[in-house]
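Residue-level listing of the chains:
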Amino acid sequence: MIKVPAAREFSALEKNYLFTEVRRKTQKFLTENGGEVINLGIGDVAFPLPPVVVEAMVKATLEMGDNARFKGYPPEGGYPFLKEAIAGRYLKRGVKIDADEIFIGDGAKSDTSSFPDIFGRADVLITDPVYPVYADSSVLRGNRVTFVRGNKQNRFLPSPRGVEKKPYLIFLCSPNNPSGAAYGHDGLKEWVDFALETGSALLFDAAYSAFAGVGVPSSVFEIDGARECCAEFGSFSKSAGFTGLRCSWTVVPKELKCRKSQVSALWKRRQSVKFNGVSYVIQRAAEAALSERGITECGHAVEIYKKNAAAFTAFFKARGIWHTGGELSPYVWIECPKNLSSVEFFNGLLSGCRVVGTPGSGFGKAGEGFFRFSGFATENAAAEAVRRFERSDLFR
Ligand code: MLT
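On a predicted model such as this, the values are computed, not experimentally measured, just so you know.

Novice: How would you sum up the overall build of the protein? Please name residues and give values.
Specialist: Within the protein one finds 13 helices and 15 strands. Taken over C-alpha atoms, the radius of gyration comes to 21 Å for the protein, in line with the 21 Å a tight globule of 396 residues would show. Projected onto its principal axes, the C-alpha positions of the protein cover 60 × 60 × 55 Å. Of the roughly 18,200 Å² that the protein leaves accessible, carbon and sulfur atoms contribute 53%. Charged side chains in the protein number 51 positive and 43 negative. The centres of these two groups are separated by 4 Å.

Here you go:
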């Protein structure tokens, strides 16, 4: 046995990561009862990669087997062709980002959980309910965490009003995981203004920006002042089906400074110590996803996920069940009917409908009594889930 102790921060975490626990319970149910379930739990994509992405990977793989075109370590921070393509994506949305402000990563989970490494000890400010990664990684790092609670009154879009004014590392995700709610321009501006006033860094997770529609900023850099206080994380996972490939980006504007240091220089230095980049093949695949053909092909799946979420929303509306999300987000967040706790509702849904969702309590204290459905499913699976809801006593 080794005599080095485990990091004591682990004792402050739940035993299992939220989605590991949901999978464990689902597998136990299937072992005991047999048959199948419809999975509307973890937001994993339901369709294979679009042809344009597969073709780009095949081409890049052949290059890697060719003496003249083989490539070793990728450039720090990513290949220029992909950074240019991402800068072009921003420009189409009216946001000017330079390619050298973009850093390629292997997923928004790694990027959001690693980015705070570059700062000294600071309090972390997080909305609750929350994607567990921001909270768990802060606990592991030993940061003190302050929560701003979402609830029915603020429609799960809490504002920083009333929060003690001091410098924080703030995590914000919009369209939000798990609540599916999305800040409008004014709501997001309140957060940017709070960060500017308090000298905080606002770490904006835009992993679901492909779902944002009219009236909802798809980037924090649409807000005045954001370049002085924000970094933004983008992902190919949900927009292009890359959950199994892994590719993401971080935008660190030149204006973002931490005392005398350029934050982008710190991030570059941190990544050069702990990360060796995303493979050439995957970066070519990501570039293809941003081409004209890629946007069309990837858009088909996004449209289906949106329609699924809209179908769930229509059902909950018809039954008078309080809900948010589902319009500008793949997630629908409901208040559990019949005053059930999140876990009681999870169990009832699994045994009664054979549908898996995610208990709101897994996303934080403010999620207790609420439940998340993911629209990441085929149309048939989503339609069958709605038929099962219609037959179930749970929603009466
Ligand atoms: C979720 O279901 O919340 C996400 O799929 C998890 C993730 O993106 O890591």
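Novice: Could you give me a rundown of the sheet that holds strand S14 (residues 358-359), with the residues and numbers involved?
Specialist: Backbone-to-backbone hydrogen bonds join strands into a sheet, with any given pair of strands oriented parallel or antiparallel. Taken in spatial order, the 4 strands of this open sheet run S11-S12-S15-S14, and their pairing is antiparallel. The two strands at the open ends of the sheet, each matched to only one other strand, are strand S11 (323-325) and S14. When strand S12 (residues 331-335) meets strand S15 (residues 370-374), the two strands line up antiparallel, connected through 5 bridges. If you follow Tyr331 over to S15, its bridge partner there is Ser374. On top of the sheet, helix H11 (residues 292-318) reaches S11, S12 and S15; it is set at about 20° to S12, its chief contact.

Novice: Could you give an account of the state of the cysteines, naming the residues involved and the relevant values?
Specialist: Under the counting rule described, the total for this entry stands at 0 disulfides. Cysteine Cys229 is unpaired, with the sulfur of Cys230 as its nearest cysteine sulfur at 3.7 Å. Not part of a disulfide, Cys353 finds its nearest cysteine sulfur in Cys336, a span of 13 Å.

Novice: Account for the packing of aromatic side chains, with residues named and values stated.
Specialist: Per the counting criterion, the structure on display carries 40 aromatic pairs. Geometrically, the ring pair formed by Phe211 and Phe376 is edge-to-face, given 5.9 Å between the ring centres and 85° between the ring planes. Residue Phe211 is found in the loop between strand S6 (201-205) and helix H7 (226-229), and its partner Phe376 is found in the loop between S15 and helix H13 (379-391); the two are separated by 165 residues along the sequence. Three or more aromatic residues link up through ring pairs in this structure, and these residues are Phe312, Phe315, Phe316, Phe345, Phe371, Phe373, Phe389 and Phe395.

Novice: Got a sec to walk through the site of the ligand? Specific residues and values, please.
Specialist: Lining the immediate environment of the ligand, one finds Phe19, Ile42, Gly43, Tyr131, Asn177, Tyr208, Lys238, Tyr331 and Arg372. Between the ligand and Asn177 there is a distance of 2.8 Å, counted from an oxygen atom to a side-chain nitrogen or oxygen. Interatomic distance of 2.7 Å between a side-chain N/O atom of Arg372 and an oxygen atom of the ligand. If the ligand stood free it would expose 270 Å²; the protein chains cover 84% of that surface.

Novice: Provide a residue-level description of the environment of Leu172, including the pertinent values.
Specialist: Along the polypeptide, Leu172 turns up in strand S5 (residues 168-173). A C-alpha to C-alpha distance of 8.7 Å links Leu172 and Trp191, two positions 19 residues apart in sequence.

Novice: Could you give me a rundown of the nonpolar core, with the residues and numbers involved?
Specialist: Buried together is how nonpolar side chains tend to be arranged in soluble globular proteins. Counting 53 residues, the largest nonpolar core has Leu82, Ile86, Leu202, Val220, Phe236, Phe242 and Cys247 as the members making the most contacts within it. Look past the residues within four positions of Ile86 in its chain and what remains in contact with it is Ile102, Ile104, Phe236, Trp249 and Leu290. In terms of nonpolar packing, the next biggest core, distinct from the first, is built from 35 residues, Ile334, Phe345, Val355 and Phe363 among them.

Novice: Describe unusual backbone geometry, with residues and values.
Specialist: Residue Pro175 is bonded to the preceding Ser174 through a cis peptide linkage, with omega at -10°. Looking at the element boundaries, Pro175 is found in the loop between S5 and helix H6 (185-198). With omega at 20°, the peptide bond leading from Asn177 into Pro178 counts as cis. Structurally, Pro178 is set in the loop between S5 and H6. At Lys338, a residue that is not glycine, the phi angle is positive and equals roughly 60°.

So, how was this worked out
All residue numbers refer to position in the chain's written sequence, counted from 1. Thresholds applied to this predicted model are a pLDDT of at least 70 for local features of residues and 80 or more for the giving and counting of side-chain atom pairs; totals over whole chains, interfaces and linings are not thresholded and use all residues. Only hydrogens and water are removed before side-chain values are computed, so all heavy atoms of the structure are retained for them. Each helix corresponds to a stretch of at least 4 residues labelled H or I by DSSP, and each strand to a stretch of at least 2 residues labelled E; elements are numbered beginning at the N terminus. A radius of gyration in this sense is built from C-alpha atoms; the matching globule rule multiplies 2.2 Å by the number of residues raised to 0.38. Surface accessibility follows the Shrake-Rupley procedure with a 1.4 Å probe radius. Residue values consider only the protein chains on display as shielding. Positive charges come from Lys and Arg alone, negative charges from Asp and Glu alone, with His and the N- and C-terminal ends not counted. Where a charge lies is defined by one atom per residue type, namely NZ (Lys), CZ (Arg), CG (Asp) and CD (Glu). What makes two strands pair is DSSP finding at least two bridges between them. Contacts are assigned to residue pairs with any non-hydrogen atoms lying within 4.5 Å of each other. Note on definitions: angles span 0 to 180 degrees between N-to-C directions of axes, and those axes are lines fitted to C-alpha atoms, for helices only across the stretch in contact. Criterion for a disulfide: a pair of cysteine sulfur atoms within 2.5 Å. For this analysis, a ring pair means two rings from Phe, Tyr or Trp (six-membered ring only for Trp) whose centres lie within 6.5 Å, classed as stacked if their planes differ by under 30 degrees, edge-to-face if by over 60, and tilted for the remaining angles. In this text, near means that some heavy atom of the residue lies within 4 Å of the molecule or strand in question. We define a polar contact as two N or O atoms separated by no more than 3.5 Å, with the added condition that, inside protein, one atom must be a possible hydrogen donor and the other a possible acceptor, whereas residues neighbouring each other in sequence contribute only through side-chain atom pairs. By convention a nonpolar core is built from buried Ala, Val, Leu, Ile, Met, Phe, Trp, Tyr and Cys residues, the set being connected through side-chain atoms within 4.5 Å. For the exposure calls, accessible area comes from a 1.4 Å probe over protein chains only, and a residue counts as buried if that area is under 20% of its type's maximum, exposed if over 50%, partly exposed in between.

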